[in-house]
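# Structural description and commentary
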Amino acid sequence: CMLVCVQRCTRVTMAYDRGVDTDSLIGSSLAGSVCGDDQLDNLSFHDLDDIEFDIPAVPVLPTLESILTTGQSDTEKLLDSILLESEFEITLSPASSRRRQSGSAPGSPAASHSNKLRADALHKKVNLLNAAGPKGSVESIPVVANSKTNGSDPPTDGSTLPAGSLGSVLRHVVLRGVSAQTDSVQDSAGHPTALAVSTLVATGMSRGSILVYGPTQSLLWCLDSPVQRDTPVSCVCFNTDASRLLAAHAGGPLTMWDLGKGRLLRTIPDGHTPHTVALSLRFTPLHTLALCLDSGGSLYELSFTRVLGARGSVTHCIFSGSRGEVSTFQPLLPPNIPPSARSTSSSAINDVTIIALATMTKLFVIALRPRQRVIDTHYLAGNSSEVPVISWNIVTKRSLSGVSVEPVLGFGRSGVINLFLVSIPSLSQARCHYLNCIDTSLSVISLHWLNNQTLFLLDKHERAHVLDIRPKSQQSVEVSDLSDIQLMYSSSFYKGLATGGNVSEAMRRVGDHAVYQTVLGYNNQVLFLGTNGVHVISLKTWRERIAFLEDLGNLRGAIVLATRILEGKAKCVVGYYGNREGNRRELQKILERLTMRYVSVVLSTAPSSGSIEVLEQHYIGGMNAIVNAAVFLDNSDVVLYNVYQKVSDDLVACGAFVETLEDIIISDRRVVLNPSMTKDLIDHYQSKGLLSRLEPIIVHLNILSIDIDHVTKLCKQEGLYDALLYIFGVGLRDYSSPLLELLPELRTSSRCSNPMSRGGGSPIMSRDGTSPIVSRKGTDMSRGGTLKSIGRASPELSRGSSSPTMSRLPPGLSPKASNPSALGDKLLLYISCCLTNREYPSGAESTAISSQDKGSVYDAVLKRSSSSGESFANILGLMHCNLTEFLNVLSFAFTHLTQSEVTYKQKTIDVLLEVIADSVNFTPHQIGLVLIFVAMESSVCKELFLSNGSIQLIVEFVCCPGGSGTDLHRERERSFMRLVDSGRLSHIPDTDLLRLAESASFREVAYSFYTRYRLYEKLVVWHVKHGAKAKRDLVFEFVIQLLKDEGCSPTEKRLIESTIKLNLVELTDIDAYKTVDLFINIIGVKLNGVLQLLRQYPRHEFLFLRVVFEQRQFFLRPVDDSPELTARYLELLCQHEPRDVIGFLKDSAEGIDDAYAAIEMCRRWGLYNEAAYLFERDGSLEESWAILREALEARLQDYLEAKEEESRETESRFEESYTNYCGFCQRCNGKSVETFWFHLLDLLMRTIGGFSLVASQGPPPSNHRVYNYLNSLLPNLVNKMSNVVSHSDMLQRLLRQSHEGSLAGNIHSLLLGMLTTYHYESTLLDTTTSILERDLYTSFAQLHRASNRGIALPRQPACALCAWTISPTTERPVAMFLCGHVYHLRCLRSYFEEEPAEYFCCKCTARERLLSRQRSTERRRTLSVSYDDETADIPDHKEHLTQRKKTSAVSLQLLRSLNRDFSNKSAWQLADLKLNIKIPH
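Here is a short report on the structure shown in this document.

About the thresholds
- Residues numbered from 1 in each chain as written.
- Predicted model: local features only at pLDDT ≥ 70, side-chain atom pairs only at ≥ 80, totals over all residues.
- Heavy atoms only, no water.
- Helix = DSSP H or I, 4+ residues; strand = E, 2+ residues; numbered from the N terminus.
- Buried < 20%, exposed > 50% of the residue type's maximum accessible area, 1.4 Å probe, protein only.
- Contact = heavy atoms within 4.5 Å.
- Areas by Shrake-Rupley, 256 points an atom, 1.4 Å probe, with all protein chains shown as cover.
- Axes fitted to C-alpha atoms, helices over the stretch in contact; angles between N-to-C directions.
- Nonpolar A, V, L, I, M, F, W, Y, C, P; charged D, E, K, R; others polar.
- Core = buried A, V, L, I, M, F, W, Y, C linked by side-chain atoms within 4.5 Å.
- 1 Å grid on protein atoms, 1.4 Å probe; cavity = no way out; pocket = protein on both sides within 12 Å on 5 of 7 lines; lining within 4 Å.
- Points joined across faces, edges and corners; volume = space filled by probe spheres on them.
- Left-handed = near helix turned anticlockwise from the far one by under 90°.
- Pairing = 2+ DSSP bridges.
- Patch = residues over 30% accessible without salt bridge, like charges linked within 9 Å, V, L, I, M, F, W, Y side chains within 5 Å.
- Salt bridge = Lys/Arg side-chain N within 4 Å of Asp/Glu carboxyl O.
- Phe/Tyr/Trp six-rings, centres within 6.5 Å; stacked < 30°, edge-to-face > 60°.
- Lys NZ or Arg CZ within 6 Å of the ring centre and 35° of its normal.

## Looking at the overall build of the protein
- A count of helices and strands for the protein gives 55 helices and 31 strands.
- In the protein, which comprises 1481 residues, the share counted as buried stands at 49%.
- Partitioning the contacts of the protein with sequence separation of at least 6, the portion at a separation of at least 24 is 61%.
- When the accessible surface of the protein is totalled, it reaches about 71200 Å², and 52% of it is carbon and sulfur.

## Here we look at the packing of helix α46 (residues 1181–1201) against helix α49 (residues 1264–1281)
- Here α46 crosses α49 at 145°, and the two axes come no closer than 9 Å. Residues Leu1196, Tyr1199 and Leu1200 of α46 touch α49, and the partners they reach there are Arg1265, Val1266, Tyr1269 and Leu1270.
- Partitioning the contact of α46 with α49 into residue classes produces six nonpolar, no polar and one charged.

## Things to note about the nonpolar core
- Grouped together as the largest cluster of nonpolar side chains are 239 residues, with contacts concentrated most on Ile546, Phe657, Leu661, Met879, Phe886 and Phe976.
- A total of 10 residues in this core trace back to one element, the largest contributor, which is helix α48 (residues 1232–1257).
- Non-local contacts of Ile546, meaning those with residues more than four positions away in its chain, are made with Ala558, Leu561, Ala562, Ile565, Leu587, Ile590 and Leu594.
- The next biggest cluster of nonpolar side chains, apart from the first, holds 33 residues, and it includes Val387, Leu450, Met507 and Phe528.

## Remarks on empty space enclosed by the protein
- On inspection of all chains with the given rule, the structure shows six cavities of 30 Å³ or more.
- Volume-wise, the largest cavity comes out at about 80 Å³.
- As for the largest cavity, its lining consists of Leu725, Gly729, Val730, Arg733, Tyr735, Tyr830, Cys834, Arg838, Glu839, Tyr840, Ser846 and Ile849.
- The element that contributes the greatest number of residues to the lining of the largest cavity is helix α22 (residues 721–731), accounting for three residues.
- Here the lining of the largest cavity is composed, by residue class, of seven nonpolar, two polar and three charged.

## Some points on the packing of helix α21 (residues 708–718) against α22
- Packing of α21 against α22 brings their axes to within 8 Å, and their N-to-C directions diverge by 145°. You can see that α21 and α22 cross each other, and the crossing is left-handed. The segment α21 lies against α22, with Ile708, Val711, Thr712, Cys715 and Lys716 engaging Ala723, Leu724, Ile727 and Phe728.
- Classifying every residue of the contact of α21 with α22 gives seven nonpolar, one polar and one charged.

## Notes on the pairing of strand β3 (residues 192–197)
- When you tally the buried positions in β3, you get six out of six residues, the bulk of the element.
- Where β3 lies against strand β4 (residues 201–205), five bridges are found, and the strand directions are antiparallel. From the neighbouring strand, Ala196 faces β4, where its bridge partner is Ala202.
- The hairpin turn running from β3 into β4, its antiparallel successor, is three residues long.

## Considering the sheet that holds strand β17 (residues 362–369)
- With antiparallel pairing, four strands are arranged side by side in an open sheet as β15-β16-β17-β18. Taken across any chain shown, the strands that pair with only one partner, and hence form the sheet edges, are β15 (326–331) and β18 (373–379). Looking at each pair of strands side by side, their axes are set apart by 20° on average, direction ignored.
- In the sheet, β17 pairs with β18 via six bridges, with the strands oriented antiparallel. Each residue of the ladder has a partner; that of Lys362, found in β18, is Tyr379.

## Some words on the side chain of Ser705
- Examined against the element boundaries, Ser705 turns out to sit in the loop between α20 (691–700) and α21.
- Judged by its relative accessible area of 3%, Ser705 falls in the buried class.
- The residues touching Ser705, leaving out its near neighbours within four places in the chain, are Leu673, Pro675 and Thr678.

## Describing the environment of Met1281
- Its place among the elements puts Met1281 in helix α49.
- On the accessibility criterion, Met1281 (0% relative accessible area) is buried.
- C-alpha of Met1281 to C-alpha of Cys1222: the two residues are 59 residues apart in sequence and 9.4 Å apart in space.

## Comments concerning a nonpolar patch on the surface
- On the surface, Ile1351, Val1374, Met1376 and Leu1378 cluster together into a nonpolar patch covering about 330 Å² of accessible area.
- Looking at where Met1376 falls in the secondary structure, it is placed in strand β30 (residues 1374–1376).
- In this structure Met1376 comes out as partly exposed when scored by relative accessible area, which is 44%.

## Points about the sheet that holds strand β10 (residues 263–268)
- What the four strands build is an open sheet, ordered β7-β8-β9-β10; its pairing is antiparallel. Strands with a single pairing partner mark the edges of an open sheet, and in this sheet they are β7 (233–238) and β10. In this sheet, adjacent strand axes meet at a mean angle of 20° when their direction is disregarded.
- Strand direction decides the pairing type here: strand β8 (residues 244–249) and strand β9 (residues 254–258), joined by five bridges, are antiparallel. Note on β9: the bridge partner recorded for Ala247 is Thr255.

## A closer look at the packing of aromatic side chains
- All told, the structure shown has 26 aromatic pairs when counted by the stated rule.
- Consider the rings of Phe1109 and Tyr1129, whose centres lie 4.5 Å apart with planes at 10°: the pair is stacked. Here Phe1109 is found in helix α41 (residues 1098–1111), whereas its partner Tyr1129 is found in helix α42 (residues 1123–1136), with 20 residues between them in sequence. The same class applies to Phe1109 as to Tyr1129, namely buried.
- Put simply, the rings of Phe1102, Phe1109, Tyr1129 and Phe1144 pair up and form one aromatic cluster.
- Over the aromatic face of Phe548 sits the side chain of Lys540, whose NZ or CZ is 4.0 Å from the ring centroid.
- A cation sits over an aromatic face here: Arg1189 above Trp1185, 4.4 Å from the ring centre.

The structure is reproduced here in structure tokens:
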């Protein structure tokens, strides 16, 4: 009866703004959930026949109360406990809906018990219910995640809970009607093999039947093709409106069915490759276009036609399997948006048909309509044995211009998932844009979208993975085991078992885990075809997840989940962002209700036994979640007060509650507390001695919730200075009273401590982060600095610090007991905030501080009298506490003074000068800081009055050349510069100021005076000695500019030149090249004079001469190039750069007159190779050999006697001598060459023989490295000698050494090496000779064949230039080419401008085709003249000339057109162009 009622149920219309298709199975369920269950009651039962449906009579109709009070069976209780309310419930029947409404309460024990059952046991119970329950009903099964639910015992921290504590995010639904009916026909129709889903559900069976189910899960059609019986269905698919069904059977043709009438429309025999199986079928958005993938890996396009009532189809192969087997494909199905609602950017997506297909190695995105085009390709990373996966997701966005559609493609293989955005403004502009790549390290066999931010992955172990793909998250949310579904695989079709197994190895690997036709995604849900039915998995809505946790009793998890949703940090949230404001208000109400319930649970479940620490931990864990949730509510103050009223009776719970308020208060959540809550909070922290944590809490509390009198007494008693200053400043608007009260206390404490302990302070940076005003180490002092702590005090206080410069104290320790300097730091920060219109201690801008308030602060600081009788006690306390910070505060405060407030600045400066003049407790360093500060401020403010005595005092200290002020040199120089610039020192002559600046080493000041009075020689010295290292080379440009300046007098230029000469050494250090250019090209000083100045500095003399010899060809003036200069440079070169000597000797062969003196110089400095080179250049080979031999033997002896740590260096020196000796021998020729080589060979063999003799008489030598190295040189030496020395003599030497026993172990390897080299060279020579002879023979053979080949001429040969027929009996010379063209020799000669060495065919040469148009015109004229001369004596000349004149116009016009064509073609086009032009004779 219920089944018939469901079939008669009217279709519910779905609101368009939810984006749900009302014709879909899921869409109708969505509509039902949106419209409510009330519409299910509006069903018509008057057409039901009691007899037909065998409905039993009821004697007494039950009442509503009796129905509600009637007890349920255990099976019904279990069923009701696992049925959850949801927005995405799939088509509940009226019966199941009414039964669910009257079922057990959500929080019943049955519901809690059902969640703890294993999935397999629950599945068996569901199957039992399916047998007893009405058809068409569905059940929602909570998926058990890997992580365990922790019940009502969460961790202490309420913000961090395990994933399982927040419940499962998946909803597992069994389509009971489809599953039951499919199971009932398995005996006759076989087991299910394929699945299709749209507004309908279709299952293909193993015996050829196709079962189609309606939206209510009732069987609509059982489709059996007469020609495909007992053949398993490989794949099925619906079109977009579910009016057609396309099916494929193993090894058979495709069939199309009309689902409106249940009849067969088409049979398509050529829909795939013969002898293959159709693996996948998909309709495109076009009703007349579908796609088919077969087991051969080919993808076909099926176009359906209907002509004159006759239905047909056209098949076209898109991608052939011979180029790579296609494993899977997915067409892009855009949403059904009305054209009026589409935006301009997404209008093209409905006009373009796009598919994504994947082979085993690549992904292709292809457009099929309106024309085929490959949009993008991408290589598939990962294991090649895994299956590729593809899934499309449509992201719709609403804007003022309409609904925009953004397709996102997810694809990958072996766990590597790529995300691409496909933009389709038009077909030609379609592009794929990379979004992200996620490596999951899984073996993924199926990929689907659950929403725009969540992916569903199924691995080969049948585990479901829910993946959050947001960039900041990208983690697995849940893992569930789906093995109980008993998923069906399409392995038999991919392996081609029905067609004889004729598939490739790639398709066999895909078939092992092929679930393309049994796991489908539809409307953000995933459908599975199992052996026991059809299952649907989707995400739970946020209401379901919170209700599920609440039903389980996990109130803490429900609160944390709701808090995360409000905060925007929850994952897999469904149904919240559509109507965000309305859902937010609803969620806040739910969260408020859960919070108040959880307070009762926390209080009622408190442990009754155990230590107080356990009880406190219990309360703190619960209160953390409560407080963190309450701050996200709009009425957080009311909720917190209600919680406070509930816990106020329990002292431990109340203490835990107020402690959890600390974080939200310090983080400035703007929570307003009740005064009673604030009092309990302060009393609790005071009783536990947590004063260091209490102070930052007070400064962040709203002043209206504080008992000012009580808190002020507490702060004074416990030394909470920050809190006390905050209350006076923000609460009472009294800025001077705390200073008058605390500054005397600071002065008293500073007397007790060392008054010089804090003469300086940490540097305080300016507002823009530049250098500090005054630092303890003498750093920069500039106007406009700011107190570093002003803008950053609040974050430090929020972390619990009682002061920006004092770390948090231990619990229970009052700041009074700490260093008294902490109070001074706080007061300095407070004074700075008051004088710069800022709140203390946050540093925020404040408009409440008036000019009168500032004046009261200045008066309090500069107060003369005090209770102790000491003058200026307040300012003395601040100065002795931290003078640097105090001066920085004053400097920053002076920048905020208005014109009417300048008197405060004058008063402050006067008090500072009076204090340092009268007090004896200041060090010279501190006095210097104050005077520098006064100088800086007075140079800025001209209204400030300073007496001459004060100015004289400042100048004397600032310009002191040494003593107490040396550590503040930079500050003193800058203050002096500003005093000079401001005119404060105008009564002092400039000469005296310059003298003071020079005596104090004020370089910047001196530079300004030098520039002002044109003291150029001193400027040059300043640049050379005091300029910055990076800019010292600018002195050369400065000097050149001065020497070329016409305004510079000759006397000034002479002073500059003399200054340059005196600083020649420093200039050479800066840049030797520019120094030489300055002296040689600009000044024109003689070289000898310059060298005399550098005689005492050999290194600088060498640098100068090296530039002279390198750049002498570029000098503008002649340079002395005497032999003495060359000898001097050679000596310096040997001394400083010995490696460059050999190059200098080769370049200056003619400049060295006394070669023997140069040789002795080289030998004196140990440059044996250079001395040997000089002997060799003069032809004295014996002397050269003697030097090299001496050097080689000396280096070898050093190498043999060197210690282990020196062996590397001595080996490199010996190797250098060995290389030089071998090079010398290779350059020599004559009889003495053998002597040179044999000496080296004997030397090596004797040395090696000595090692061998020692080894034979006793233990092996200690230095094996030397022995091995010398042994390695011997084969190399023999190889070099073999090209010059007689082999017989060399063998004789080697054999003699072998006979003597010194080379007994090496002669064998040497001889084998020589023989191997000989055989190699002999073979190489023979092979080369053979190749050359073969090549020579081939060339002669080709020439011989070419000379014997005849030339084929046409029957009537004609000259290719004059077009005159050549008679065989002509006596004129004729030129014939192998190409078949014939020329008169006279025509050919007239063609060329000069007599060529070799003639070539004019028509066949590519070079001729590249000539320009001008030369072509001249050539035509030449040909015409030569033609007339050539044919002058021909009898038929007149007739021929007449005929030629008739065709001249046509010929010229044709040639002009050809010239135009040639001028528009490139060189390679002209080279390959062939023209056949026939001009009539």
